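Descriptive structure summary
The residues making up each chain are set out below.
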Amino acid sequence: MEEQKMWELFWEIHSGNPREGPGEYQSTKRAFEMLKDLPPKPRILDMGCGPGMQTIDLSCLTDGTIMAMDNHPQFLDDLSKKIEESGQIDRITPFLGDMCNLHFEEGIFDIIWAEGSIYIIGFEKGFLQWRPFLKDRGYLVASELTWLRADAPEEVKEYFIKEYPGMLDIEGNLRIIQGTGYRHIGHFVLPESAWWCYYSPLEEKISQLRLKYEGIPETLAVLEDHQREIDFFRRYSEYYGFVFYVTQLD
Ligand SMILES: C[S@@+](CC[C@H](N)C(=O)[O-])C[C@H]1O[C@@H](n2cnc3c(N)ncnc32)[C@H](O)[C@@H]1O
């Protein structure tokens, strides 16, 4: 399939979904409640906010202000609709930007929140490069795909060597956190329900698109790749998961 068509299909699959990665309100709340030294109205940067489900959840958990940043304008439009529905127009600002090339003033955020997005810049690079934008004792909270067991079957190891070769276990990520100048406050594995908040609507979308593109093998093959990722999780979720890492500048 030619590259432009591939991207069009990618965005068709990934448009209109409530969220673009595993997550759910209870987990966002659990991670947020680990932050103990916040001012009454913290300034938050929601990095790679996508369609903004966790942005709205965050706005329910704090009286602070949220800069919600993504590099895909359509997601920011989706978020703008959610902001209008939630009535939080004054506290959430959708912002088009690149997490790998930030132009904010230094030392202005109480929290950088990266739910399912730090993998884009890389876990270690994110902790290093985003540091200057945090205030003293500011928090960086990130959820990241992580090995949960060392004895994964070969099929699982091979899959992730291809899909996410940089994936570490919890100890590996904790070493990065400490090595980049942050204090580890806590971490926890997201429950499987958080994955289904992402995968169930995606699976429904794939079914609809299979009907729409019936008889077009190259398109169906791309849809099957997406389905395979979901089936893989059904079979092997005990070996890997998303882990929320809650950290504070040392
Ligand atoms: C896996 S999604 C997670 C989205 C959202 N946090 C969620 O959990 O629903 C990653 C997000 O990062 C965005 N993204 C990708 N590259 C980016 C970049 N260089 N700068 C900012 N955002 C980026 C994508 O558009 C996408 O919305």
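Structure shown above.
Just so we're clear, the structure is a prediction, and the values are computed from it rather than from any experiment.

The rules we used
- Counting starts from 1 at the beginning of each chain's written sequence and moves along it residue by residue.
- Predicted model: local features are reported for residues with pLDDT of at least 70 only, side-chain atom pairs are reported and counted for 80 or more only, and whole-chain, interface and lining totals are derived from all residues.
- Values reported for side chains reflect all heavy atoms of the structure, with hydrogen atoms and water molecules removed beforehand.
- For Phe, Tyr and Trp, rings pair up if their centres lie within 6.5 Å, where Trp contributes its six-membered ring, and each pair is then called stacked (planes under 30 degrees apart), edge-to-face (over 60) or tilted (otherwise).
- Charge-over-ring placement is defined geometrically: NZ (Lys) or CZ (Arg) within 6 Å of the ring centre, and within 35 degrees of the ring normal.
- Secondary structure follows DSSP: runs of H or I at least 4 residues long count as helices, runs of E at least 2 residues long count as strands, and numbering of each begins at the N terminus.
- Residue count minus one, scaled by 1.5 Å, sets the expected span of a helix.
- Throughout, the bend at a residue refers to the angle made by two axes, fitted to the seven residues ending there and to the seven starting there.
- Relative accessibility thresholds used throughout: buried, under 20% of the residue-type maximum; exposed, over 50%; partly exposed, between the two (1.4 Å probe, protein chains only).
- Contacts are residue-level and defined by heavy atoms, with any inter-residue pair within 4.5 Å sufficient.
- A pair is scored as a salt bridge if a Lys or Arg side-chain nitrogen falls within 4 Å of a carboxyl oxygen belonging to Asp or Glu.
- Here a residue is considered near a molecule or strand provided that any single heavy atom belonging to it is located within 4 Å of it.
- Nitrogen and oxygen atoms within 3.5 Å of one another constitute a polar contact, given that in protein one can donate a hydrogen and the other can accept it, and given that sequence-neighbouring residues count only through two side-chain atoms.
- For accessible areas, the Shrake-Rupley method is used with a probe of radius 1.4 Å. Any residue's cover is judged against the shown protein chains and nothing else.
- Residues are grouped as follows: nonpolar covers Ala, Val, Leu, Ile, Met, Phe, Trp, Tyr, Cys and Pro; charged covers Asp, Glu, Lys and Arg; every other residue, Gly included, is treated as polar.
- We call a pair of cysteine sulfur atoms a disulfide whenever their separation is within 2.5 Å.
- By the convention used here, strands pair only if DSSP detects at least 2 bridges between them.
- For every element, the axis is a line fit to its C-alpha atoms; helices are fit only across the contacting stretch, and the angle between N-to-C directions ranges from 0 to 180 degrees.

Glancing now at the packing of aromatic side chains. As enumerated under the stated definition, the model contains 30 aromatic pairs in all. One cation-aromatic arrangement involves Arg 30 over Phe 188; the distance from NZ or CZ to the ring centre is 4.0 Å.

Counted at 1.5 Å a residue, the expected span for helix α8 (residues 192–212) with its 21 residues is 30 Å, and the 30 Å between its end C-alpha atoms agrees. A bend of about 30 degrees at Tyr 198 is the largest found in α8, and the proline Pro 201 appears one to four places after it. Inspection of α8 places Ala 194, Trp 195, Tyr 198, Tyr 199, Leu 202, Glu 203, Lys 205, Ile 206 and Leu 209 among the buried residues, and these make up the whole buried set. Each element contacted by the buried residues of α8 is listed here: α1 (3–13), β5 (134–147), α9 (217–236) and β7 (240–249).

For the coordinates displayed, the defined rule picks out 13 salt bridges. The partner of Arg 149 in a salt bridge is Glu 238, and the shortest N-O contact between them spans 3.0 Å. Here Arg 149 is found in the loop between β5 and α6 (154–163), whereas its partner Glu 238 is found in the loop between α9 and β7, with 89 residues between them in sequence. Taking the relative accessible area as the measure of exposure, Arg 149 reaches 33% and is therefore partly exposed. Classification of Glu 238 by relative accessible area gives partly exposed; the value is 41%. Among the ionic pairs, Glu 154 bridges to Lys 157, the shortest N-O distance being 3.9 Å. Of this pair, Glu 154 and Lys 157 are both found in helix α6, three residues apart, which corresponds to roughly one turn of the helix. Looking at Lys 157, the relative accessible area reads 32%, which means it is partly exposed. Within this structure, Arg 149, Asp 151 and Glu 238 form a network of salt bridges that share partners.

Residues in close proximity to the ligand total 18 residues, the closest being Glu 20, Asp 70, Asp 98, Met 99 and Glu 115. Residue Asn 71 places a side-chain N or O atom 3.4 Å away from a nitrogen atom belonging to the ligand. Take Glu 115: an N or O atom from its main chain is 2.8 Å from a nitrogen atom of the ligand. For the ligand, whose accessible area on its own is 590 Å², the fraction buried by protein is 89%. Taken together, the residues that form the shell around the ligand break down as five nonpolar, eight polar and five charged.

Before going further, it helps to spend a moment on the state of the cysteines. Following the criterion strictly, the structure yields zero disulfides and no others. Here Cys 197 is not cross-linked by a disulfide; its sulfur's nearest cysteine counterpart is in Cys 60, at 15 Å. Cys 197 sits in the partly exposed class, given a relative accessible area of 31%.

Tracing the backbone shows Lys 135 in strand β5. In sequence terms Lys 135 and Gly 107 are 28 residues apart; their C-alpha atoms lie 4.3 Å from each other. Discounting residues that sit within four places of it in the chain, Lys 135 has contacts with Gly 107, Ile 108, Phe 109, Asp 110 and Leu 249.

A separate point is the sheet that holds β7. The sheet built from seven strands is open, its strands ordered β3-β2-β1-β4-β5-β7-β6 with mixed pairing. Two strands lie at the open edges of the sheet, namely β3 (92–96) and β6 (182–189), each paired on one side alone. Going across the sheet, the axis of each strand differs from the next one's by a mean of 20 degrees, ignoring polarity. By the bridge criterion, seven bridges tie β6 to β7 in an arrangement that is antiparallel. When the bridges of β7 are listed, Tyr 182 appears paired with Leu 249. Sheet contacts for helix α2 (residues 25–32): β1 (43–47), β4 (109–115), β5, β6 and β7; angle to β4, the most-contacted strand, approximately 145 degrees. Relative to β5, helix α5 (residues 123–130) is tilted by about 170 degrees, and along the sheet it contacts β1, β4, β5, β6 and β7.

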